[in-house]
Every structure is written in C-alpha cells, then in structure tokens.
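# Summary of the model geometry
Next come the chains, spelled out residue by residue.
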Amino acid sequence: MSDVLSPGEIKLPDGRSVDFANLDIAATAPCLRSVADVVADLLPYYGSVHRGAGALSQRCTREYELARETVADTLGHGPADTVIFTRNTTDAFNLLARAVPPGTTVVTFGAEHHANLLPWRDAVRLPAPRSPEEAVEALERQLYRGKGQTLVSVTAAGNVTGEVWPVARLAEVAHRFGARIAVDAAQLAPHAAASLSGLGADYVAFSGHKLYAPFGAGVLAGRADWLEAAEPYLAGGGASAHVSDDAAVRWASGPARHEAGTPNLLGAVALATALRTLRERSFEEPEAALVRRLRAGLAALAHTEELRLFPADAQRVGIVSFAVLDRDPAAFADALGRDHGIGVRTGLFCAHPLTRRLLAEAAARKGADRAPAQAIRASIGIGTTVEHVDRLLAALR
Ligand code: PMP
C-alpha cells in the first residue's frame, strides 16, 4: 500500500486506464496516509483551542501544543526559540518581515522564490550564484563590507532547479559576522525533514501542504526576541492579553501574539505528524534514484534541456525543470495530462527573474534562437514510481 493517498487509476482518451502520475509534488504534495489517519482519529474530538474549559477543548489545546513541541524538537530548538503556526511559507516570511527590527539590513540572493523576495522590498539582493561555493563567498564579501544588524534570508533548496543551497555554511558565515539567518525550507523539508535541525538557522519557514500534510498550516520557527517585540502580525482575539473599554490593548506574549483568531488545529497536528513520519522513515534514497533516472532520460533527448543554476553534479531534491524547445510548453503540458495521465507544472514557478534567465541559458546551450516563455517542472516525491518517470520520458520522446 502506498504511503500517500492517491486517486488511483484514471481513464485516458485512448481507453487505457493508468495510475495518475503526479509529477507536481513540489507545488503541493499528496496526503500521507499517517497524516490522514491521525486527522481522522482526532475529528470526533474536534473542538476549540485555547478557548474552552470542556474535555474537547482541553484535548484539542493539548494536541495543538504537542504539535508545536514536535516542530520545535525536529528543529532542535532551545529555550530562546519559538514556533508560530502560519498558513504557509509565504505567510511565515511576511510575518518575519514585519518583525524584523527597524534599521536591520536584509540580505537575499536574486534566486529566491517570490515568498522570500517580495516581502523584503529594500533588501540587498546578491546576484544568483553559480555554485554553492560562490554563494558562501558572495555572502562573506557582503557581510565583511556591511554594517549594523543584518538578517540573511535564503532558500534551502530551490523550487525551480531543486538544487540544495549550502545553508549550514551560510549560517556559519552569517553568525561569524553577527548576522542572523532565515531559511526557506519549503522545498527541503519534504525531502530531508531529519536534516532540519542541522541547518544552524535562526529562523526556518515551511509549508504543511508541501510536506504531505495538506490541512492549511505552515511554520515560522526561530528566535523569539524579535517576534516578542514586534506588533502582532494579525490583530484580534488570541493575540490580545487585555483590552480596555476604549479598546486599548496589551498584546499577548509567546506564539499567541502572532496567531490571532481561531488556530488551525488540524493543520498543526497534520504538519507535526508528517514531520514525525518523515523523520522516522527516510524517503531520500529512492527519490534520488528517480531524479537521476529522469535527468539521464532528459539529457538523452534532443529537444529538452534541464534548467540549472549550479554545476550539473550539485545536490538536488526531487525537482527537475526543463525547457522544451520545439513546442508551446503550456499546450505540451496539457497534452501530458490529457493523453498520458501525467501532472506537471508549467510557467515561471513564482521565481520569475531566475526562471527566465535559466530558460535563456538552456536554450542557448541547445543552440536555439529563442528561449521558450515557460519551463516545465517535473517533481518527484513519495508515491512517485519508476513507471511515472518512464511514462514522462516516453511521452517527451
Ligand atoms: N519557497 C519555496 C522554495 C517554494 O517552492 C514555495 C512554494 N512554491 C514557497 C516558498 C511558498 O510556499 P507557499 O505557497 O506554501 O506559501
């Protein structure tokens, strides 16, 4: 039995029934069976969190706070850290951007997903590096020149290329210069949950729906001090410790300060369950074998070229984006879905500047006159089979 829930077989126009090949897992992942079971078991007891005195509320409050502890344990957190449940990674970075003290310099790279690009309007944006080493050197040069309080905000694994960034080394550099570092682990966490505690980051953000826990929760976790000092991200009940008759407010401390409104109990419990499952059972090896198979197959085709920022042998999670040079990418992806039962993603993947640049480079490597306007991304995770990868390659052929 598969570890994730799937729709089973679908019918193709030619009459064949095939197992749907979900190669769009990096956008949003199917639900882990362990997650669905835990959520189903909790549903009969579903009640308010932090609000009621009855047995249901007590149980739900306990489950919610246990979920927080699981996230903190997975990240290897200490007493100076906090875990805030958000909606997703985008929400987490917007919260962090509001909490950064005035005057802080934010440093990012020009290869970030929009979630870690757009919240930082005034950031120092270092050029997208061409190797992990270049990233470390560029940060070192920047921090050597820089002054004052600094936050570095980087991805742990890119959503366009799947390339893994040298976060532990970047964290070491940041800390050597007295800076803090925030890490976008949206794409790393689903493939390497067990490694999250080794990142050395001050803040980590990720999304439940990419972690096989599609119940609408995400996480911002890290050092509590800036978050404790910041105005609440959302004003409302739960975030307020006391409100006077004229609506003057004393805000709550702790995670509640940034979790106004009714908490997403099922989201938090699902996310924590997924982290536990992914920590206990590694899926990394089979995924890496499928990525190697897909890349080798793509490299053998005349009209496709993979996108990459780092050298070809750089470490990757289960993501491979490529240019198709002689077809309209959107029509091509539609045909993959309709005629072959394969789900991929097309577009610029919420990383427009980077994807446009990598498409142009891929087209140039193939000697094409013009770069396609969109890339195709195939992403691999739990539930992906050799047959799915081979079906995509056969369809491309
Ligand atoms: N960062 C990366 C690297 C991502 O891949 C994504 C999702 N595509 C995000 C951030 C944003 O995640 P969400 O849509 O869950 O907020």
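Everything numeric here is computed off the predicted structure, so don't read it as measured data.

## A word on the overall build of the protein
For the protein, the helix and strand inventory stands at 11 helices and 17 strands. A compact globule built from 397 residues should have a C-alpha radius of gyration of about 21 Å, and the protein, at 22 Å, falls within 12% of that. The principal-axis extents of the C-alpha atoms in the protein amount to approximately 70 × 55 × 35 Å. Counting every position in the protein, which comprises 397 residues, the buried fraction comes to 54%. In the protein, 71% of the contacts between residues at least 6 apart in sequence involve partners at least 24 apart. Here the protein has roughly 16,900 Å² of accessible surface; of this, 52% comes from carbon and sulfur atoms. A gap of 3 Å separates the mean positions of the 41 positive and 44 negative side-chain charges of the protein.

## A closer look at the sheet that holds strand S7 (residues 150-155)
One open sheet holds the 7 strands; their spatial order is S4-S10-S9-S8-S7-S5-S6, and the pairing between them is mixed. Either end of the sheet is taken by a strand with one partner, and the two such strands are strand S4 (81-86) and strand S6 (124-126). Recorded for the sheet is a direction-independent mean angle of 15° between the axes of neighbouring strands. Direction of pairing for strand S5 (residues 105-109) relative to S7: parallel, over a ladder of 3 bridges. Directly across from Thr105, in S7, lies its bridge partner Thr150. Of the strands in this sheet, S4, S7, strand S8 (180-184), strand S9 (203-207) and strand S10 (218-223) touch helix H3 (residues 89-99), which is tilted by about 150° from S9. The strands touched by helix H5 (residues 167-176) within the sheet are S7 and S8, with S8 carrying the most contacts at an inclination of about 160°.

## Quick notes on the domain arrangement of the protein
Each assigned domain of the protein is listed here: domain 1 (9-23 + 282-396) and domain 2 (33-280). When each unit is reduced to the centre of its C-alpha atoms, the spacing between domain 1 and domain 2 is 29 Å. With 29 residues of domain 1 at the interface, the matching set in domain 2 holds 26 residues. Its largest share of buried area at the contact with domain 2, domain 1 owes to Leu309, Phe310 and Val317, together 28% of the area lost on that side. Linking domain 1 to domain 2 there are 1 salt bridge. In this assembly, domain 1 and domain 2 are joined by 14 residue pairs in polar contact (both at pLDDT 80 or more). Those elements that place two or more of their residues in the side of domain 1 that touches domain 2 are helix H8 (284-299), strand S14 (319-324) and helix H10 (352-365). Ranked by residue count, the leading element in the side of domain 1 that touches domain 2 is H10, at 7 residues. Its residues assigned to classes, the side of domain 1 that touches domain 2 shows 15 nonpolar, 7 polar and 7 charged.

## Quick word on the packing of aromatic side chains
Counted by the stated rule, this structure contains 5 aromatic pairs. Between Tyr64 and Phe85 the ring centres are 5.3 Å apart and the planes differ by 50°, which places this aromatic pair in the tilted class. On the criterion of sequence distance, the pair formed by Tyr64 in helix H2 (residues 55-75) and Phe85 in strand S4 is long-range, its members being 21 residues apart. With a relative accessible area of 1%, Tyr64 lands in the buried category. Considering the side-chain rings of Tyr203 and Trp226, the 5.9 Å spacing of their centres and the 25° angle between planes classify their relative orientation as stacked. In this pair, Tyr203 sits in strand S9 while Trp226 sits in helix H6 (residues 224-229), placing the two residues 23 residues apart along the sequence. Take Tyr203 and Trp226: they sit in the same class, and that class is buried. Cluster of aromatic residues (ring-pair linked, three or more members): Phe109, Trp165 and Phe310. Taking the ring centre of Tyr45 as reference, the NZ or CZ of Arg59 above it sits at 4.1 Å. Above the plane of the ring of Phe349 lies Arg377, whose end atom (NZ or CZ) is 5.1 Å from the centre.

About the thresholds
Along each chain, numbering runs from 1 in the same order as the chain's sequence is written. Restriction of local features to residues with pLDDT of at least 70 applies here, the model being predicted, together with a cutoff of 80 or more for giving and counting side-chain atom pairs; totals for whole chains, interfaces and linings are based on all residues. Side-chain measures were taken over the full set of non-hydrogen atoms in the model, leaving aside hydrogen atoms and water. Numbering of helices and strands runs from the N terminus, with a helix taken as a DSSP run of H or I at least four residues long and a strand as a DSSP run of E at least two residues long. The globule rule used for comparison is 2.2 Å times the number of residues to the exponent 0.38, while the radius of gyration itself is calculated over C-alpha atoms. To sort residues, take the accessible area from a 1.4 Å probe on protein chains only and compare it with the maximum for the residue type: under 20% means buried, over 50% means exposed, and anything in between is partly exposed. Every residue pair with non-hydrogen atoms within 4.5 Å of one another is taken to be in contact. We get accessible surface area from the Shrake-Rupley algorithm with a probe of 1.4 Å; when it comes to residues, only the shown protein chains can shield them. For the purpose of counting charges, residues Lys and Arg are taken to be positive, whereas Asp and Glu are taken to be negative. His and the chain ends are not included. By convention, the point assigned to a charge is CZ for Arg, NZ for Lys, CD for Glu and CG for Asp. Paired strands, as defined in this entry, are two strands with at least two bridges between them according to DSSP. Geometry is summarised by axes, namely lines fitted to C-alpha atoms with helices restricted to the contacting stretch, and by angles between N-to-C directions that run from 0 to 180 degrees. Each domain span listed reflects an automatic or database assignment of domains. Buried area adds together the accessible area that both of two parts lose upon being put together, with accessible area traced by a 1.4 Å probe. When a carboxyl oxygen of Asp or Glu is within 4 Å of a side-chain nitrogen of Lys or Arg, the pair counts as a salt bridge. Pairing of N or O atoms within 3.5 Å defines a polar contact, subject to two protein rules: one partner must be a possible hydrogen donor and the other a possible acceptor, and residues neighboring in sequence count only if both atoms are side-chain atoms. Gly counts as polar in this scheme, as do all residues outside two lists: the nonpolar Ala, Val, Leu, Ile, Met, Phe, Trp, Tyr, Cys and Pro, and the charged Asp, Glu, Lys and Arg. Classification of ring pairs uses Phe, Tyr and Trp, with its six-membered ring standing for Trp, and accepts pairs whose centres are within 6.5 Å; under 30 degrees between planes counts as stacked, over 60 as edge-to-face, and the remaining range as tilted. Over a ring means this: the NZ of a Lys or the CZ of an Arg is within 6 Å of the ring centre and within 35 degrees of the ring normal.

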